[in-house]
Amino acid sequence: VNNGAASPFTQDAAFGNNNRRRIPALYTGGIGVIFDNSALDAAPFSLTGQSSPKPSYNDVTGVLTLGGPLRIPHLFRNGPNFFVGYQTTRNRSALTQDALVPDVAQRSGILSPADVIPASRISPQAAALLGLYPLPNFTGNSRYNYQVPAVSATHQDALQSRLDKMVNPKNELSGLFAFQSTRTDTPNVLGYSDSSAVLGMNARADWNHRLSPGLFLNAGYQFSRLSTRDTPFFANRTNVSGDAGIQGNNQAPVNWGPPTLVFASGIQTLTDGVAAANHNQTDAESLSIQWNRGSQTIDIGADYRREQFNYLTQQNPRGTFTFTGAASGSDFGDFLLGIPDTSSIAFGNADKYFREPVYDGYANDDWRVNAAFTLNAGLRWEYGAPMTELYNRLVNLDVTPGFAKAAPVLASDPVGPLTGEHYSNALMRPDRSGWEPRVGVAWRALSGSSLVVRAGYG
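Just so we're clear, the structure is a prediction, and the values are computed from it rather than from any experiment.

Conventions adopted
Residues numbered from 1 in each chain as written. Predicted model: local features only at pLDDT ≥ 70, side-chain atom pairs only at ≥ 80, totals over all residues. Heavy atoms only, no water. Helix = DSSP H or I, 4+ residues; strand = E, 2+ residues; numbered from the N terminus. Buried < 20%, exposed > 50% of the residue type's maximum accessible area, 1.4 Å probe, protein only. Contact = heavy atoms within 4.5 Å. Areas by Shrake-Rupley, 256 points an atom, 1.4 Å probe, with all protein chains shown as cover. Lys, Arg positive; Asp, Glu negative; His and termini not counted. Charge placed at Lys NZ, Arg CZ, Asp CG, Glu CD. Phe/Tyr/Trp six-rings, centres within 6.5 Å; stacked < 30°, edge-to-face > 60°. Lys NZ or Arg CZ within 6 Å of the ring centre and 35° of its normal. Salt bridge = Lys/Arg side-chain N within 4 Å of Asp/Glu carboxyl O. Pairing = 2+ DSSP bridges. Axes fitted to C-alpha atoms, helices over the stretch in contact; angles between N-to-C directions. Polar contact = N/O pair within 3.5 Å; in protein donor to acceptor, adjacent residues only side chain to side chain. Core = buried A, V, L, I, M, F, W, Y, C linked by side-chain atoms within 4.5 Å.

Caption draft 1: Structural detail: the overall build of the chain. Broken down by element type, the chain carries four helices and 21 strands. For the chain, the proportion of its 458 residues judged to be buried stands at 29%. When contacts within the chain are restricted to residue pairs at least 6 apart in sequence, those whose partners lie at least 24 apart make up 63%. Accessible surface, the chain: about 27,200 Å² in total, of which carbon and sulfur atoms supply 58%. One way to put it: in the chain the 35 positive side-chain charges average out to a point 11 Å from where the 36 negative ones average out.

Next comes the structure, spelled out in structure tokens:
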């Protein structure tokens, strides 16, 4: 027992092994897990009032962190401090989906006792697409006749890491790397599911150098990339349009699937997602100087970024058909006859690779003139050059004075066919006048008073 610490009878703290002071651990970390089962959740709400089975699923979230000095025998005796954090999530959400789908009588052409479409007049394309609709599973509701439970899944992994090293009193190095990956499955009430994946990465390295007691140099490099991929259910699986005999839409395997069918009466829209693979990337360098001069802090710096925007997707590759009943008096009747009221389609030029350099420079002076007055003034210039396309597939118009004539001019041959003017491959004139001045003041009107007057302009 160690008592009487303030008296002559106190005992040494090392008396007994349980009381010895331990050296703090070099590393710190943590681990955590959250688990949830659907058995403890309520059943999804049913809009129709019909009872549906409750889906079974599990949710799991895990977290792991570790940090400390990086020491590797015979390699790093006193390495940088590091931190690593990782999180993983496996979430599922149950929902009840409702729809109005064609019943058996409608599928055979019986729209009402007095309105029947003979089987010989039913479009073979319509008959083929009807196979994608399930049959009703309840009756008695004019707005819904089909209900099904569904589970959407989201899987996510994320990592954050950081390194910091004080090389000497004048130099410090730091860096970070992080990524996040998210995969999602989205079910459709008609029984198929689309998937999407998003991957984001970010890395940065910085060097801080002290030139003198009040003068600091900072240099950095940053890399970031964001990739998204959308995969429809039928992509590379079933050529629904081609098998149904629908012509004129995109037949590439990545765009396989049904056209979009829209019904004015509320019948469930038949649709599937659009395939996409988009990748955006930025490389950036930065350089700045900070000068602490008595009551003034002056910052001067510049940045340069190379930005890429890569899009691989079509706008409406399988087409859209809208049925309003203009031909037969019934939107579903028009569908069976193969007569849409409106139709639209857009595909071509699926891949685009845009490039843009961005520059900026700035100077800022934060001057504390005295205890009652502060002045902050700065000037920034920023210039984003007109975008170019990697394969020079941009197009613009070569226009004669007064807009008397106009003709296309291509980035692959940027000479105006009408004016003979030579353009850049961006086909746009740059605007380098992005100057941004700003000034602000703060003034304490009376010494010791809480009254402060502030003003600014930018």
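Caption draft 2: Expanded view of the packing of aromatic side chains. Per the counting criterion, the structure on display carries 16 aromatic pairs. Here the aromatic rings of Tyr27 and Phe82 are separated by 6.1 Å at their centres, their planes lie at 45°, and the arrangement is tilted. With Tyr27 in the segment before β1 (28-37) and Phe82 in strand β3 (residues 81-99), this pair connects stretches of sequence that are 55 residues apart. Aromatic side chains Phe332 and Phe335 sit 5.6 Å apart centroid to centroid with 45° between the ring planes, which places their arrangement in the tilted category. With Phe332 and Phe335 both in helix α4 (residues 331-337), this residue pair falls three residues apart, about one helical turn. Taking relative accessible area as the criterion, Phe332 reaches 2% and is therefore assigned buried. One aromatic cluster is present, formed by Tyr304, Tyr359, Trp381, Tyr383 and Trp435 through successive ring pairs. Residue placement shows Arg237 over the ring face of Phe233; its charged tip is 4.0 Å from the ring centre.

Caption draft 3: Just the pattern of salt bridges, in detail. Using the criterion set out here, one finds twelve salt bridges in the structure. In this structure, Arg305 engages Glu307 in a salt bridge whose closest nitrogen and oxygen atoms are separated by 3.1 Å. Exposure remark for Glu307: the relative accessible area of 14% places this residue in the buried category. Measuring nitrogen to oxygen at the nearest pair gives 3.5 Å for the salt bridge that ties Arg380 to Asp360. Placement of the pair is Arg380 in strand β16 (residues 373-384) and Asp360 in strand β15 (residues 351-370), with a sequence separation of 20 residues. Taking relative accessible area as the criterion, Asp360 reaches 4% and is therefore assigned buried. Beyond isolated ion pairs, a larger network of salt bridges with shared partners links Arg90, Asp157 and Arg183.

Caption draft 4: Examining the sheet that holds strand β14 (residues 342-346) more closely. Here three strands make up an open sheet; going across it, the order is β10-β13-β14 and the pairing mixed. Two strands lie at the open edges of the sheet, namely β10 (260-263) and β14, each paired on one side alone. Shown here is a sheet whose adjacent strand axes are inclined to one another by a mean of 15°, direction ignored. Inspection of the sheet shows strand β13 (residues 316-323) paired to β14 by four bridges, in the antiparallel sense. Bridge pairing in β14 links Thr322 to Thr342.

Caption draft 5: Region of the structure containing the side chain of Ser123. As for its position among the elements, Ser123 is in the loop between β5 (115-116) and α2 (124-130). Side chain to side chain, Ser123 and Gln125 meet in a polar contact 2.8 Å long. Those residues in contact with Ser123 that lie beyond four places of it in its chain are Leu336, Leu337 and Gly338.

Caption draft 6: View of the nonpolar core. By size, the foremost hydrophobic cluster in this structure holds 27 residues, and its most contacted members are Leu129, Tyr133, Phe263, Leu270 and Phe335. Elements that contribute at least two residues to this core include exactly α2, α3 (240-244), β10 and α4. Excluding residues that lie within four positions of it along the chain, Phe263 makes contacts with Tyr133, Gln268, Phe323, Asp331, Phe332 and Phe335. Leu394, Val409, Ala411 and Leu427 belong to the second-largest nonpolar core, a separate cluster that totals five residues.

Caption draft 7: Layout of the pairing of strand β8 (residues 193-212). Pairing geometry for strand β7 (residues 171-187) and β8, over 17 bridges, is antiparallel. Within β8, the residue paired with Leu173 across the bridge is Trp207. Hairpin connection of β7 to β8: five residues between the antiparallel strands, including Gly191 at a positive phi of 110°. Pairing between β8 and strand β9 (residues 215-231): 17 bridges, direction antiparallel. Bridge pairing in β9 places Ser212 opposite Leu215.

Caption draft 8: Just the environment of Arg183, in detail. Within the element layout of this structure, Arg183 appears in strand β7. Exposure remark for Arg183: the relative accessible area of 29% places this residue in the partly exposed category. Arg183 sits 47 residues away from Asp230 along the chain, and the two C-alpha atoms are 9.9 Å apart. Sequence-distant contacts of Arg183, defined by excluding residues within four places in its chain, comprise Arg90, Ala153, Thr154, His155, Gln156, Asp157, Ser196 and Ala197. Reaching out from Arg183, the side chain makes a polar contact with the side chain of Ser181 at a distance of 3.1 Å.

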